[in-house]
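# Structural characterization, general
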There are 2 protein chains.
Amino acid sequence: MPTRFTNRKDQIVQIAAELFSKKGYSATSMRDIAEHMKMEAASLYNHISSKEDILHTICFTTADRFINAIDEVNDIYFNGEEKLRMAVKNHIQILTDNMAEAQVFLREWRHLNEENIQAFIQLRDRYEKGIQSILQTGIDENVFQEVDKKFATLNILSSVNWIVEWYRPDGNMSPEEIADKISDFLLTGLHKKQPF
Amino acid sequence: MPTRFTNRKDQIVQIAAELFSKKGYSATSMRDIAEHMKMEAASLYNHISSKEDILHTICFTTADRFINAIDEVNDIYFNGEEKLRMAVKNHIQILTDNMAEAQVFLREWRHLNEENIQAFIQLRDRYEKGIQSILQTGIDENVFQEVDKKFATLNILSSVNWIVEWYRPDGNMSPEEIADKISDFLLTGLHKKQPF
DNA sequence: CCTACCGATCGGTAGG
DNA sequence: CCTACCGATCGGTAGG
């Protein structure tokens with residue numbers, strides 16, 4: 001019964017993501033996860049092969065979401081500012097739609113084993129390249145300053161990723177509002193346009 | 001012999017900070033730390049009272065550094081832009097001078113016990129207030145836009161804190177260069193000043 | 001999906 | 001600072 005099987009794994013991954021994000025990967029035990037699944041720890045192994053298998057699934061599923069989103073932006077939208085706003089919006093949507101997984105993706109990937117870390121970093125690099133190419137578009141259009149793209153990309157990603165530290169679904173800002181505000185901030189900075 | 005005692009605790013804290021930053025707090029064992037100290041795990045307890053005592057020391061020592069730095073900036077410097085640049089520079093200097101502790105401060109504070117977490121968050125909030133008051137200075141001078149200060153502060157902190165994810169002491173950017181570049185980016189954003 | 005269990009390791013203490 | 005040790009818990013397997 002593969003369907004039931006898959007569902008069950010998804011449930012485990014979801015519950016594990018919540019525990020990993022709350023307590024950290026290492027401090028979460030298989031018995032913790034099992035308890036929330038209302039089963040014995042040993043039974044988990046009918047659905048997953050190891051604790052790291054769960055972490056791997058979380059990290060790479062989330063990475064795929066990001067990569068699909070950036071590819072879509074670079075395929076569809078046209079000018080740099082539009083692309084950037086769309087990329088920021090998609091990024092934040094992924095974060096806020098999957099808070100627990102996103103936090104694990106951002107904080108716990110270091111606990112993957114060595115070869116999975118390599119693959120993970122490659123996906124992350126590919127995503128960063130996607131952002132960089134957006135910046136290049138804006139520069140080519142003479143709309144963005146000639147910034148150091150690598151540096152600016154890290155700045156952009158840090159701003160959007162930090163959201164998981166304070167975003168609350170029941171807070172007074174929607175993901176879209178946050179995205180607009182962040183994009184505004186990234187585009188114009190603190191300075192007044194004509195200060196004097 | 002209190003001096004020798006203090007020194008020994010500092011050594012333990014330093015080595016623990018490196019291990020905590022590399023492997024995470026929970027995945028680092030007292031035996032790991034002891035091994036790097038070339039002593040037995042039991043002997044560590046002559047210098048520290050518990051594993052969490054070490055984490056506590058790291059987190060609160062680092063918090064003190066940040067708070068002293070921001071208070072100094074708000075005492076000495078005058079205008080908003082100058083203050084912001086100085087605050088960013090100091091912040092980055094603290095991060096890069098104490099990479100391991102800073103990473104633990106940023107990533108591992110969640111493993112403090114509940115009441116220490118409360119105290120920790122209070123210190124962090126005080127620091128954020130310090131940044132906000134810098135922004136207010138710039139706004140009052142009519143040099144900064146009327147931004148949402150809380151939101152802008154989180155943006156600024158995310159940018160500077162993300163540095164610990166990629167900064168390497170042997171890289172090709174000095175902490176001062178990074179500080180200048182980040183300040184420029186925060187102040188002016190991606191847009192060209194007169195785009196058309 | 002469970003019972004029963006494994007060897008390994010954990011943070012920490014007693015006592016010197 | 002060490003030896004010797006504690007009870008608890010870890011990820012995971014065997015076998016049904």
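If you're wondering where the values come from, they're calculated on a predicted model, not measured in any experiment.

What counts and what doesn't
- Residues numbered from 1 in each chain as written.
- Chains lettered and ligands numbered in written order.
- Predicted model: local features only at pLDDT ≥ 70, side-chain atom pairs only at ≥ 80, totals over all residues.
- Heavy atoms only, no water.
- Helix = DSSP H or I, 4+ residues; strand = E, 2+ residues; numbered from the N terminus.
- Contact = heavy atoms within 4.5 Å.
- Areas by Shrake-Rupley, 256 points an atom, 1.4 Å probe, with all protein chains shown as cover.
- Lys, Arg positive; Asp, Glu negative; His and termini not counted.
- Charge placed at Lys NZ, Arg CZ, Asp CG, Glu CD.
- Core = buried A, V, L, I, M, F, W, Y, C linked by side-chain atoms within 4.5 Å.
- Buried < 20%, exposed > 50% of the residue type's maximum accessible area, 1.4 Å probe, protein only.
- Salt bridge = Lys/Arg side-chain N within 4 Å of Asp/Glu carboxyl O.
- Least-squares fit on C-alpha atoms with pLDDT ≥ 70 in both.
- Buried area = accessible area lost by both parts, 1.4 Å probe.
- Polar contact = N/O pair within 3.5 Å; in protein donor to acceptor, adjacent residues only side chain to side chain.
- Nonpolar A, V, L, I, M, F, W, Y, C, P; charged D, E, K, R; others polar.
- Near = heavy atom within 4 Å.

With that settled, the discussion passes to the overall build of chain A. For chain A, the count of helices and strands is nine helices and zero strands. Start at the N end of chain A and walk to the C end: the helices and strands fall as α-α-α-α-α-α-α-α-α. Within chain A, residue pairs in contact and separated by at least 24 positions form 69% of the contacts whose partners lie at least 6 positions apart. Accessible surface computed for chain A: about 9700 Å², of which carbon and sulfur atoms make up 49%. Each charge class in chain A was averaged separately, 23 positive and 30 negative side chains, and the resulting centres sit 4 Å apart.

In terms of nonpolar packing, the biggest core is built from 133 residues, with I33(A), I54(A), I33(B) and I54(B) touching the most fellow members. Setting aside residues no more than four positions away along its own chain, I33(B) makes contact with I12(B), I15(B), A16(B), L19(B), F20(B), T28(B), L44(B) and I54(B).

All names here are of chain A. Enumeration over the complete set of coordinates arrives at 16 salt bridges over all chains. In this structure, D32 engages K23 in a salt bridge whose closest nitrogen and oxygen atoms are separated by 2.9 Å. According to the relative accessible area criterion, D32 is buried, its value standing at 17%. Several salt bridges share partner residues, and in doing so they unite E81, R85 and D184 into one network.

Let us now look at the relation of the copies chain A and chain B. With an RMSD of 0.0 Å, the operation that places chain A on chain B is a rotation of 180° combined with a shift of 0.0 Å along the axis. Here the transformation between the copies is reduced to the relation of a two-fold axis. For chain A, the smallest separation between a C-alpha atom and the rotation axis is recorded for G189(A), amounting to 2.0 Å. A symmetric contact is evident, with 100% of the interface residues of chain A recurring at the interface of chain B.

Here we come to the interface of chain A and chain B. Tallying the contact residues gives 40 residues for chain A and 40 residues for chain B. Interface area for chain A against chain B, summed over the two sides, is near 4100 Å², with a carbon-plus-sulfur share of 61%. Where chain A packs against chain B, one counts four salt bridges. The salt bridge involving K181(A) is made with D148(B); its shortest N-O contact spans 2.6 Å. In this assembly, chain A and chain B are joined by 28 residue pairs in polar contact (both at pLDDT 80 or more). Ranked by residue count, the leading element in the side of chain A that touches chain B is helix α8 (residues 149-161) of chain A, at eight residues. Residue classes in the side of chain A that touches chain B are distributed as 21 nonpolar, 11 polar and eight charged.

The next subject is the protein's contact with DNA strand D. Taken together, 16 residues sit near DNA strand D, with R31(A), R8(B), M39(B), S43(B) and N46(B) positioned nearest. Of all DNA strand D atoms lying within 4 Å of any protein atom, the proportion belonging to sugar or phosphate reaches 57%. Residue K51(A) places a main-chain N or O atom 2.8 Å away from a phosphate oxygen belonging to DNA strand D. One of the backbone N or O atoms of E40(B) is found 2.8 Å from a phosphate oxygen in DNA strand D. If you list the elements that add at least two residues to the surface near DNA strand D, you get α2 (30-37) of chain A together with α1 (2-23) and α3 (41-44) of chain B. Residue composition of the surface near DNA strand D, grouped by class: five nonpolar, six polar and five charged.

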